[in-house]
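For reference, the chains in residue letters:
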Amino acid sequence: MKKYSRKSNYPRQNLAGLKIQSNEVQVLIHLQGELSRQYRREVFKLLRLENRKLFYLPLLPTYRLPLNLPRSQGENLTDLILAAESGASFGLNELAKVFAASDEHCFAPRLCGQVDDLLLLSDQVLRRLVENFIQLVKHYPGRTFGLIDCDGLAFRQLALVASLADSLSFDPNLENKGNYASLSALENFLTKLPPKQEIFCLRPELRP
């Protein structure tokens, strides 16, 4: 695993030629902000144009949520994770019941509380949530893509989530390049990922 630096050799993800593998789950980490938000918009747009199914799992503060979550009647993720934190088990079938179509032409979880609740999960429940989300994406019929959208998680939690997924995209945090503690934490996080993990550094030279 190469160390991260401003001259990192990680593959650059250029939105002008964005390609997404089917039946893949990718973790998106917001560091600098705008690059990752633009990447997310392009992913949503591309999958909609290609008529592929997008499963979206937000692990971020409510004020960062880029879409309206489903409001249809049915089981919700809030109750599922609260029960899990109390010792109840859940699997793929239970998780599938809380996902529904959203206004953004993707499948997202119904919540009866705030999406912030997902930031407070224990490591054990967070791992179970991500593992079952990955299975949901990979077992759903047809061409699918799963996006785990991370903003505000500690690097310890990011390492747990990212190590389970197929790939990771992050922005280079150029606005904070003088913060050596941040760069050191990022380097340490990246070195803990599995050797076969696909890691993409978002390219600053993006189309408008």
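Keep in mind that this is a model prediction, so the values were computed, not measured.

Some thoughts on the confidence of the model for the protein
So, step 1. Of all residues in the protein, 83% attain a pLDDT of 70 or more, and the chain-wide mean is 83.
So, step 2. When pLDDT is averaged over each helix and strand of the protein, the minimum, 52, is found for strand β1 (residues 12–13) and the maximum, 96, for helix α4 (residues 123–139).
So, step 3. Across residues 1–7, where pLDDT falls below 50, the model places 18 contacts with residues more than four positions away in sequence or in other chains.

So, the nonpolar core
So, step 1. Core analysis: the largest hydrophobic core is formed by 63 residues, its most contacted members being L77, F99, F133, I148, C150 and F189.
So, step 2. Looking at which element gives the most residues to this core, the answer is α4, with 8 residues.
So, step 3. Not counting residues up to four positions away in its chain, the partners in contact with F189 are I29, F155, L158, A159, A162 and L168.

Brief notes about the environment of V25
So, step 1. Tracing the backbone shows V25 in strand β2 (residues 24–29).
So, step 2. The exposure class of V25 is buried, given its relative accessible area of 0%.
So, step 3. A sequence separation of 122 residues divides V25 from L147, and the C-alpha atoms of the two residues are 5.9 Å apart.
So, step 4. Ignoring anything within four residues of it in the chain, the contact list for V25 reads F133, I134, V137, G146, I148, A165, D166 and S167.

About the criteria used
- Residues numbered from 1 in each chain as written.
- Predicted model: local features only at pLDDT ≥ 70, side-chain atom pairs only at ≥ 80, totals over all residues.
- Heavy atoms only, no water.
- pLDDT = per-residue confidence, 0-100.
- Helix = DSSP H or I, 4+ residues; strand = E, 2+ residues; numbered from the N terminus.
- Contact = heavy atoms within 4.5 Å.
- Core = buried A, V, L, I, M, F, W, Y, C linked by side-chain atoms within 4.5 Å.
- Buried < 20%, exposed > 50% of the residue type's maximum accessible area, 1.4 Å probe, protein only.

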